[in-house]
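Remarks on the overall topology
Given next are the chains, with one letter for each unit.
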Amino acid sequence: MSAELVGRADELRLLDGGGVTVVRGEAGIGKSALLAEVARLAESRRTRVLTTTGVQSEAHIAFAGLHQLLRPILDQVDQLPPPQRDAVLAAFGRSGTAEPELFLIALATLSLLGEAAAAAPVLVVVEDAQWLDRSSADVLVFVARRLDFEPVVLLAAVRDGFDGPFTGSGLPELALRRLGRAEAELVVDRRAPGLRPEVRERVLREAAGNPLALVELPTAADDSSSAMPLSARLEHAFAARVTGLPAATQTLLLTAALNDGDALAETLAASHATVDDLEPAIAARLIDAGTDRVWFLHPLMRSAIRQRAGIGRRHAAHAALALVVADDDRRVWHRAASTSGPDEAVAAELEAAAGRAQRQGGIAAGAAAMERSAELTGDPALRGERLLRAAELAFELGRSDGVKRLLAEADRVGLSERQRWRTAWIRDSFDDGVLGRAQAAWPLAQVAERAAADDPDLALNLLYGAALRCWWTEPGVEARRSVVAAAERVPVDSDDPRLLMVLAFASPIDHGGVVLDRLRRHTVTSDGRATRMLGNAAHAVGAFDLAAGFFAGSLAGLRAQGSLALLARALTLQARSCAYLVDLGVAIPAADEAYRLARDTSQPLVAATALAAQAQLAAVRGEQDDAYRLAARAEKAALPGAANAVLAAVQYARGSAALAGGRHEDALTELRRMFDPADPAYHQALRCHAVGDLVEAAVRGGQPDAVRGVLAEMTAVGRRTPSPVLHIGLRYARALLAGDAEAQPLYQAAPGPWPFPRARAQLGYGEWLRRQRRVAESRAHLRAARDTFDALGLTPWGDRARVELRASGETSGSRIPDARDRLTPQELQIAQLAAAGLTNREIGQRLYLSHRTISSHLHRIFPKLGVTSRAELRDTVT
């Protein structure tokens, strides 16, 4: 087995550089042995090893696993920026910071590991990752995705059959295989050389190549458990070792198995045992102990001992542990585990523990504590309230199954009317109003009307869920009207960002003017959340210049708070707004970061929207293959929930790609879908973005009559809304479709304030002038269009202007590629921040990366741009 382990450890090829591997396999397959071998190799190479082990009984203690991992390096916490330092200390209950964001804690963890790795490379070993508390697991997955340029290796073992953050995370995996027949025979013959042939064959058959089974089953080959599953047979074999041990040792083992910590003193005190009582268990190869710790040699041993004990003995052991552990949260969980019926004292303590967990940023632990508190609550009204609070916490985690179960239990208890309002918000606002539940907009609005007078904040939350349904899907005219009517009755200021966002999402056409007027009264503030809402409203009504400003103003506050879920949403719509404005220096890095953060925060629909923005950016730059590939990925994510807003964005990207590539019939086919109410890609607001593109595709494709009806329809829509994007498109479309007698004044009126549509109008006007044999006049417009396209970084559009200029008798050189062409999106973002004067640490804090990762990126950026200093970088990027 030693040679096999060394071979598999070398197979990982981890210790020669940074990396991450999730080791998967069934119980007993050798995950723990492999991790131990890698740790041994690492220590032999002067690598620092940090370890944590998931324990089932610890899963309800917020950040328990992370604290175990970072405890040896917490003395370096003062080297972190204050927000990170305060966040991680709050997570461990050592700071008064209220409710630190999980991802600020994750960034602090990344920074701490980076500081530790400055002295020597670091190996992070995560045993039984499937049993880590959820907060710790989320942090470690976030960190794992950011170790590419760090001298830090993360190795996590996950047992097959368990869900969790590491499962399906996309991190590299190593699946351990069972041993072949020859290897299995070698193990059995080495461990149990005296087995009778028939027993030996039975062990080989039942172990089926599982290494732990090959080692342990020979000692239990004559028992009657052969019909059990393999893991159960192993537990049975371990439990059998306990039977002959002294009573004091058995009590000690049960206490250790139920303890959610590994402190030897706790286990000895709770079991009234001595160090001598450990020896029989150590000799039986069940546990091992150090000067202050005791641990099981395999997780199955712990579960075997727990299951072997009756409920009375387990209750007694938990009660004993509750008397000796010092930590309040651990103590109350042991008290709860020793209680079988209602107990208000314990329930109240659990409720307090839930509050502490929430303040530490451990939402998952808070939800578990609140649910257990409800279970121990005898009073029906109080039980309903605690179930509802548990459901609210589960809702924050995005756990739909848990939310539904808790709400169903609360309904059975009986809730007050106000509690039912909260239930409606949680239940019907789940999944941001998609997944085929557009019809829920109307009932949400009705509940909001009843709640408005007593609880305006709750009413706006309900209406936000209803309005999102109106945005992502199509609930119908009456549902939209009911949402708007309810929103206008909520007693809040008419300029409240929440109200504007609801009106814009629910009624972007008919209330577009009202929303625009009120938005123009707002300025960017330090409140990132409120400013993001203003950006949402501006984007929904097609005021992309306003939206871009609001989103830019929201980012600093959201980053400082560590609100990565909201940051992902803000960046996504910033990218979409700036993609239409063709501010590529903002849009490209925003779309890239938005996608990565949406993935990190488990927001698939936001990720799909970010992909659609990336597709649009690739389309206007002439990157055809990338545009269609990204559009297909976004469409795949949006189709199951019929998310019309994403599907419309996908079609816009495809149509833009075809238009930029000169495939006008294809562009017409793609864009038409956005205007067909029967098509899943129809969206009443997003179609306003594509009016000019649709008409241009039809005119250049020789089918102008095919879109005259659409233009008439959208002209009528334009009389209902002052949407800037719609009216820019309408002016351009009218000029394209006009006859020669009417075209000139229409072209002259077409250019608007935004550079890309203005340059396209100039190109169209120049083309028209040249066709009218007014060649000399055409050149100034074609030249202006070319220069704007080049400045924006739009090669296919600039090339089209050059073709027209050549036809007019004027030649021009090719566009010179700039940083936007030479760098990846993330490199471009880092280069911009470095050029703005930020240090590597400041850039890392802003982007949730380590400063060493930033340094590695800059080492690649400089030669790509042909610069050697930040001063030169500033001249190149800005």
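Located above this text is the structure these notes cover.
Here goes a summary of the coordinates provided. (Residues numbered from 1 in each chain as written. Predicted model: local features only at pLDDT ≥ 70, side-chain atom pairs only at ≥ 80, totals over all residues. Heavy atoms only, no water.)

**Points about the overall build of the protein chain**
The test is simple: Numbered from the N terminus, helices here are DSSP runs of H or I no shorter than four residues, and strands are runs of E no shorter than two. The globule rule used for comparison is 2.2 Å times the number of residues to the exponent 0.38, while the radius of gyration itself is calculated over C-alpha atoms. Here's how the labels work: a residue is buried when its accessible area is under 20% of the maximum for its type, exposed when over 50%, partly exposed in between, all with a 1.4 Å probe on protein chains only. In this description, accessible areas are obtained by the Shrake-Rupley approach with a 1.4 Å probe, and a residue is regarded as covered only by the protein chains that are shown. Only four residue types enter the charge count, namely Lys and Arg as positive and Asp and Glu as negative; His and the chain termini do not. By convention, the point assigned to a charge is CZ for Arg, NZ for Lys, CD for Glu and CG for Asp.
What the protein chain contains, in helices and strands, is 46 helices and seven strands. Computed over the C-alpha atoms, the radius of gyration of the protein chain is 32 Å, within 12% of the 29 Å expected from 2.2 N^0.38 for a compact globule of 878 residues. When the backbone C-alpha atoms are referred to their principal axes, the protein chain occupies close to 105 × 65 × 55 Å. Every one of the 878 residues in the protein chain was classed for burial, and the buried ones make up 58%. Looking at the protein chain as shown, the accessible area adds up to about 34,100 Å², and 51% of this sits on carbon and sulfur atoms. Across the protein chain, the mean location of the 104 positive side-chain charges is 3 Å away from that of the 107 negative side-chain charges.

**Concerning the side chain of Q603**
For the record, the criterion: As used in this structure description, the phrase polar contact means that two N or O atoms lie within 3.5 Å; if the pair is within protein, one of them must be able to donate a hydrogen and the other to accept it, and residues adjacent in sequence are counted only when both atoms belong to side chains. Contacts are assigned to residue pairs that have any heavy atoms within 4.5 Å of one another.
With respect to the helices, strands and loops of the structure, Q603 is situated in the loop between α30 (584-600) and α31 (604-620). Within the structure, Q603 has its side chain in polar contact with the side chain of R569 (distance 2.7 Å). Discounting residues that sit within four places of it in the chain, Q603 has contacts with A565, A568, R569 and A598.

**A few points about helix α44 (residues 840-847)**
For clarity, the cut-off: Summarising the geometry, the arc corresponds to the directions from the helix axis toward the C-beta atoms.
Turning to α44, its buried residues are N840, I843, G844 and L847. One face of α44 carries all of its buried residues, which in axial projection span an arc of 100°. Y848 sits one or two residues past α44 and shows a positive phi near 60°.

**Here's the deal with the sheet that holds strand β3 (residues 122-127)**
Convention followed: At least two bridges found by DSSP between two strands is the condition for calling them paired. Throughout, an axis means a line fitted to C-alpha atoms (over the contacting stretch in the case of helices), and angles, computed between N-to-C directions, take values from 0 to 180 degrees.
A sheet is described by the order of its strands in space; here five strands give the open sequence β2-β3-β4-β1-β5, paired in parallel fashion. Strands with a single pairing partner mark the edges of an open sheet, and in this sheet they are β2 (48-53) and β5 (173-175). Across the sheet, the mean angle from the axis of one strand to that of its neighbour is 20°, orientation sign disregarded. Summarising the sheet, β2 and β3 pair through six bridges and their orientation is parallel. Across the sheet, the residue bridging to R48 is V122, located in β3.

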